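# A closer look at the structure
Below, each chain spelled out in residue letters.
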Amino acid sequence: MDKQGIPARIAVIGTGLIGTSIALAMRSAGAEVLLADSDEASLRLAVEIGAGTALAEEGPDAPADIAVLAVPVAAVGPSLLEAQKRNLARVYTDVASVKAQPVLDAMELGCDLRSFVPGHPLAGRERSGPAAARADLFLGRPWALCPTPATSADAIEAVRALAGACGAEPVTADATEHDRAVALVSHAPHVISASTAARLADADGLALALAGPGVRDVTRIAAGDPGLWTGILGANAQPVADVLEAVATDLALTASALRAGADAGEAGAEAAAGLLTDVLRRGNAGQARIPGKHGGHASSYAIVSVVIPDRPGELALLFQAAGVAGVNIEDVTIEHSPGLPVGVAELAVQPEAAERLAGELRGRGWSVPH
């Protein structure tokens, strides 16, 4: 550890998206990074993009401060046992998105739990592999730490420092509680997204031509690796099944209400509309509870829509105009017009700043709908 308590030397076992992103972040923080992966091509690419140097087969000349096990859920326990036998590091952590099963595996294998801090950085992308890695992937993101009763305080602080050095916000949680939480906010939503996207596999050309931001938003995460997600879902099966059954109940009630409303008289239609409205309102309430920037309360932003040509430099000019107007852009999305060389940029800003930004953009010749 360096004078600021940041790990000075880490080993990363597994050079996929998360492992390589941690390696890049720690390299940016000044740490020495040693890399290992059973996939030689993945390891070679991670080294080539500057994530670290390859770990020698005989191991490091001295234990690293921390070894990060960036491997699938089922491989965490065996990887931990092997790393501890090699005395690879003083402290060990993993990044699997399920925590109870790896802890149980480690216990059954006889791993030393005093130096093991089960972890889960809640960040990712639809793409996988070292080529998709980014040093800023964890900035402002939660990083769950799920120590066991046997985990030492020093080990916890070391992994907390690792998460902080990567720009994340450490959050301590019980492993079982963590798994229930991610079933709700990550694992079940992935299945729901995939189920919606699966309907598009046999969709006709018209439906695809009419696809807009709604279906893109809902299906974005469905692009994840099926093999990886099969392992994740299987390791967190019961909590995910509980959430999916609750969602399925809402969907079944909604489908029944729609059919009843279409087939019934005026009274039946009113009852069906009431059921639909209840589901939609509960959706509004739940969506409003999702934390906003920096983990604070969700904010209601005004949207300034701008028609932009699809050519280099246009976004830079938009942001420059916002800077001149003294307006901070909280978020931005772009929807391209099918078959046309233009798109619409939607700029999320504080409500009181919306008209000021719109005026600045119109003054510079941009098309900003009223």
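Data block above holds the structure.
Residues numbered from 1 in each chain as written. Predicted model: local features only at pLDDT ≥ 70, side-chain atom pairs only at ≥ 80, totals over all residues. Heavy atoms only, no water.

Here the focus is the pattern of salt bridges. Throughout the structure, instances matching the rule amount to 12 salt bridges. Here glutamate 157 ties to arginine 160 by a salt bridge, and the two come within 3.6 Å at their closest N and O atoms. Here the residue glutamate 157 and the residue arginine 160 both occupy positions in helix H5 (residues 153-165), the gap between them amounting to three residues, near one helical turn. By relative accessible area, glutamate 157 is classed as partly exposed at 47%. The exposure class of arginine 160 is partly exposed, given its relative accessible area of 27%. Where arginine 362 meets glutamate 355, a salt bridge forms, and the shortest distance between an N and an O atom there is 3.4 Å. (Salt bridge = Lys/Arg side-chain N within 4 Å of Asp/Glu carboxyl O. Helix = DSSP H or I, 4+ residues; strand = E, 2+ residues; numbered from the N terminus. Buried < 20%, exposed > 50% of the residue type's maximum accessible area, 1.4 Å probe, protein only.)

Our next topic: the pairing of strand E9 (residues 169-172). Where strand E8 (residues 142-145) lies against E9, four bridges are found, and the strand directions are parallel. Note on E9: the bridge partner recorded for leucine 145 is threonine 172. For the handedness criterion, the β-α-β arrangement of E8, H5 and E9 is classed as right-handed. (Pairing = 2+ DSSP bridges. Right-handed = clockwise from strand over helix to strand, strands pointing away.)

At asparagine 87, a position not held by glycine, the phi torsion is positive, near 55°. Relative to the helices and strands, asparagine 87 resides in the loop between helix H3 (76-85) and strand E5 (89-94). Owing to a relative accessible area of 46%, asparagine 87 belongs among the partly exposed residues under this scheme.

A few words on the sheet that holds strand E1 (residues 9-13). Working definition: the strands of a sheet are paired by backbone hydrogen bonds and lie parallel or antiparallel to each other. In space, the six strands of this open sheet follow the order E3-E2-E1-E4-E5-E6, with parallel pairing throughout. Single-partner strands in this sheet number two, and they are strand E3 (53-54) and strand E6 (116-117). With four bridges joining them, E1 and strand E4 (residues 64-69) adopt parallel strand pairing. Its bridge partner lying in E4, isoleucine 13 is registered against leucine 69. The strands that H3 touches are E4, E5 and E6; relative to E5, the one it contacts most, it runs at about 175°. (Contact = heavy atoms within 4.5 Å. Axes fitted to C-alpha atoms, helices over the stretch in contact; angles between N-to-C directions.)

Where helix H6 (residues 175-198) bends most, the angle comes to about 55°, and this point is alanine 183. Along H6, the residues that are buried comprise Ala175, His178, Asp179, Val182, Ala183, His187, Ala188, His190 and Ser193. The opening residue of H6 is aspartate 174, an N-cap whose side-chain oxygen sits 3.0 Å from the backbone nitrogen of threonine 176. (Bend = angle between axes of the 7 residues up to and from the residue. Polar contact = N/O pair within 3.5 Å; in protein donor to acceptor, adjacent residues only side chain to side chain.)

You can see glycine 231 is positioned in helix H9 (residues 226-235). On a C-alpha basis, the gap between glycine 231 and valine 159 in space is 25 Å, while along the polypeptide they are 72 residues apart.

Judged by nonpolar contacts, the single largest core of 36 residues is most densely connected at Ile22, Met26, Leu35, Ile66, Phe138 and Trp143. When residues of this core are traced back to their parent elements, those giving at least two are E1, helix H1 (17-28), strand E2 (32-36), helix H2 (40-48), E4, E8 and H5. For this core, the element with the highest residue contribution is H1, accounting for seven residues. Sequence-distant contacts of isoleucine 66, defined by excluding residues within four places in its chain, comprise Pro7, Arg9, Ile10, Ala11, Ala89, Val91, Thr93, Ala158, Val159 and Leu162. Within the second largest apolar cluster, 25 residues are counted, among which are Leu55, Ala64, Val71 and Leu88. (Core = buried A, V, L, I, M, F, W, Y, C linked by side-chain atoms within 4.5 Å.)

The next point concerns a nonpolar patch on the surface. A cluster of nonpolar side chains, contributed by Leu315, Phe319, Val332 and Ile334, occupies part of the molecular surface with about 280 Å² of accessible area. Secondary-structure elements contributing two or more residues to the nonpolar patch are helix H12 (314-325) and strand E11 (331-336). Tracing the sequence through the fold places phenylalanine 319 in helix H12. (Patch = residues over 30% accessible without salt bridge, like charges linked within 9 Å, V, L, I, M, F, W, Y side chains within 5 Å. Areas by Shrake-Rupley, 256 points an atom, 1.4 Å probe, with all protein chains shown as cover.)

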